Amino acid sequence: MKQQRGKRKNFYRWFIIGGALLCFACIAYWISSSETIYADTVIREWVYSLRSSLLNGVFITITYMGNWQTITVLALILLIVPKTRRKIGIPFAVISLASTGIYKLVKEIFQRPRPELAARLIEQGGYSFPSGHSMNCIVCYGILIYLIRRYCTDKKTADILTGFLSLLIFLIGFSRVYVGVHFPTDILGGWSLGLAFLFICIIILERIRGDRDDLSIHNRNHR
């Protein structure tokens, strides 16, 4: 019964991975075949119309929560704290590093220029597609959600952290358009590629950790 549930769960995961990669491929083809995308222009104009001195400060702060520096500090904290080091810190750090490497490679392949300088509220170099912040956040904060829900014994705390991190993933993606350093299609591309990579990481992690957890339970039961 447990084995059947595991197979069914992995089937759904691979279905999501396939759908996310297909979505990424469609967006990639779309931006490669057209210099200007009408949907990008319409959405950007609407987002820019929301700008105010108050919201500028809020979304600039939020966008920095997706920086590699923030992710690195979080990884170091999780690695330093003994209770989170093995179960959360190590997989979080390894997966975050792998995600960064992938999005940097993909950016070099597409080399899409960022939006015009006049639209930007912050300085940002490099290429635009896919959004590294969006991909990294859905991978890093997504795997953190998975690990918290797997190992946190306090369900209420796990639910609160899940809600907070899920909202943060969306807000960081939105903030990249708001501060003028990405097109909306960059965000969708980052989210779709990130979602596929996240579920691949979960499948691999369960292969590794599942065997170890089962062995740990078996050893405890036979003491």
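Quick note: structure is the one above.
Remember, predicted model here, so these are calculated numbers, not experimental data.

## Looking at helix 5 (residues 82-110)
Compared with the 42 Å implied by 1.5 Å per residue over 29 residues, the 41 Å span of helix 5 between its first and last C-alpha is a close match. The largest bend along helix 5 measures about 50 degrees and falls at I88, with the proline P91 one to four residues further on. Residues T84, I88, G89, P91, F92, I95, S96, S99, T100, Y103, V106 and K107 constitute the buried set of helix 5. Following helix 5 by one or two positions, Q111 has its phi on the positive side, about 50 degrees.

## As for the packing of aromatic side chains
Summed over the entire model, instances satisfying the criterion amount to nine aromatic pairs. Both rings, one in F59 and one in Y178, keep their centres 4.8 Å apart while their planes meet at 35 degrees; by these two values the pair is tilted. Highlighted residues: F59 in helix 3 (residues 53-64) and Y178 in helix 7 (residues 155-178), separated in sequence by 119 residues. Each of the two residues, F59 as well as Y178, counts as buried. Ring geometry for F170 versus F174: centroids 6.4 Å apart, planes at 25 degrees, classification stacked. Of this pair, F170 and F174 both sit in helix 7, four residues apart, which is roughly one turn of that helix. Of the residues examined, F170 reaches a relative accessible area of 46% and is grouped as partly exposed. What links up through ring pairs into an aromatic cluster is the set F59, F170, F174, Y178 and W191. R51 extends its terminal NZ or CZ atom over the ring of Y48, reaching a point 4.2 Å from the ring centre.

## Some details on the nonpolar core
By size, the foremost hydrophobic cluster in this structure holds 48 residues, and its most contacted members are F92, Y141, I143, L144 and L147. When contributions to this core are tallied by element, the ones reaching two or more residues are helix 1 (2-32), helix 3, helix 4 (68-80), helix 5, helix 6 (132-151), helix 7 and helix 8 (184-221). The dominant element in this core, judged by the number of residues it contributes, is helix 6, at 13 residues. The next biggest cluster of nonpolar side chains, apart from the first, holds five residues, and it includes A20, A196, F199 and I203.

## Here's the deal with unusual backbone geometry
A cis amide bond, omega -10 degrees, links F129 with the succeeding residue P130. Residue placement: P130 occurs in the loop between helix 5 and helix 6. Positive phi outside glycine occurs at Q111, with the angle close to 50 degrees.

## Re the side chain of T100
Structurally, T100 is set in helix 5. A distance of 3.2 Å separates the side chain of T100 from the side chain of N136, its partner in a polar contact.

## Let's talk about helix 6
With 20 residues, helix 6 extends 28 Å from end C-alpha to end C-alpha; this agrees with the ideal 28 Å at 1.5 Å per step. Among the 20 residues of helix 6, 18 are classified as buried, and the element is accordingly described as predominantly covered.

## Considering the environment of L78
Among the secondary structure elements, L78 is positioned in helix 4. Distance in space between the C-alpha atoms of L78 and I95 is 13 Å, their sequence separation being 17 residues. Apart from residues lying up to four places away in sequence, L78 is in contact with T84, R85, I88, G89, F92 and L144.

Reading guide: rules and limits
Residues numbered from 1 in each chain as written. Predicted model: local features only at pLDDT ≥ 70, side-chain atom pairs only at ≥ 80, totals over all residues. Heavy atoms only, no water. Helix = DSSP H or I, 4+ residues; strand = E, 2+ residues; numbered from the N terminus. Expected span 1.5 Å × (residues − 1). Bend = angle between axes of the 7 residues up to and from the residue. Buried < 20%, exposed > 50% of the residue type's maximum accessible area, 1.4 Å probe, protein only. Phe/Tyr/Trp six-rings, centres within 6.5 Å; stacked < 30°, edge-to-face > 60°. Lys NZ or Arg CZ within 6 Å of the ring centre and 35° of its normal. Core = buried A, V, L, I, M, F, W, Y, C linked by side-chain atoms within 4.5 Å. Polar contact = N/O pair within 3.5 Å; in protein donor to acceptor, adjacent residues only side chain to side chain. Contact = heavy atoms within 4.5 Å.

Nothing here speaks to function; it is geometry throughout.
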